[in-house]
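Structural features, examined
The primary structure of each chain is shown beneath.
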Amino acid sequence: MITQIDAEKLLVAFCLQGRDATRLIADTYGVSEDDIGDTGLRMIYGTCVALYSERKEVDALAVQGYL
């Protein structure tokens, strides 16, 4: 059985695959930061969306540098 935290981890991991993945989650499916319950995952997801909005590459290194 998949839990909410597992789903959030998968969502964030998917976003870290690049701009297209982040666009799919944020724009196509309309997931917002408020939809993420875990504080740490919310911060990472928000960073992915911010990088995407700034037209920058979205990956683990970019997120780490942004944070």
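Residues numbered from 1 in each chain as written. Predicted model: local features only at pLDDT ≥ 70, side-chain atom pairs only at ≥ 80, totals over all residues. Heavy atoms only, no water.

Another aspect to go through is the side chain of E8. For E8, the position within the fold is in helix α1 (residues 4-15). One buried charged residue, E8, remains without a salt bridge, the closest side chain of opposite sign being R42 at 7.2 Å. With near-sequence residues (within four places) excluded, E8 lies in contact with D35, I36, G37, D38 and L41. (Helix = DSSP H or I, 4+ residues; strand = E, 2+ residues; numbered from the N terminus. Buried < 20%, exposed > 50% of the residue type's maximum accessible area, 1.4 Å probe, protein only. Lys, Arg positive; Asp, Glu negative; His and termini not counted. Salt bridge = Lys/Arg side-chain N within 4 Å of Asp/Glu carboxyl O. Contact = heavy atoms within 4.5 Å.)

So, on to the packing of α1 against helix α2 (residues 19-28). Where α1 meets α2, the closest approach of the two axes is 7 Å, and the angle between their N-to-C directions is 135 degrees. In terms of orientation, α1 lies oblique with respect to α2. When α1 is examined against α2, the residues L11, F14 and C15 are found in contact with a partner set consisting of A21, T22, L24 and I25. Of the residues that constitute the contact of α1 with α2, the class distribution is 6 nonpolar, 1 polar and no charged. (Axes fitted to C-alpha atoms, helices over the stretch in contact; angles between N-to-C directions. Parallel < 35°, antiparallel > 145°, perpendicular 65-115°, else oblique. Nonpolar A, V, L, I, M, F, W, Y, C, P; charged D, E, K, R; others polar.)

Take unusual backbone geometry next. In this structure, R55 takes a positive phi of about 60 degrees despite not being glycine. As for its position among the elements, R55 is in the loop between α3 (39-53) and α4 (60-66). A residue is classified by how much of its surface remains accessible, and R55, at 71% relative accessible area, is exposed.

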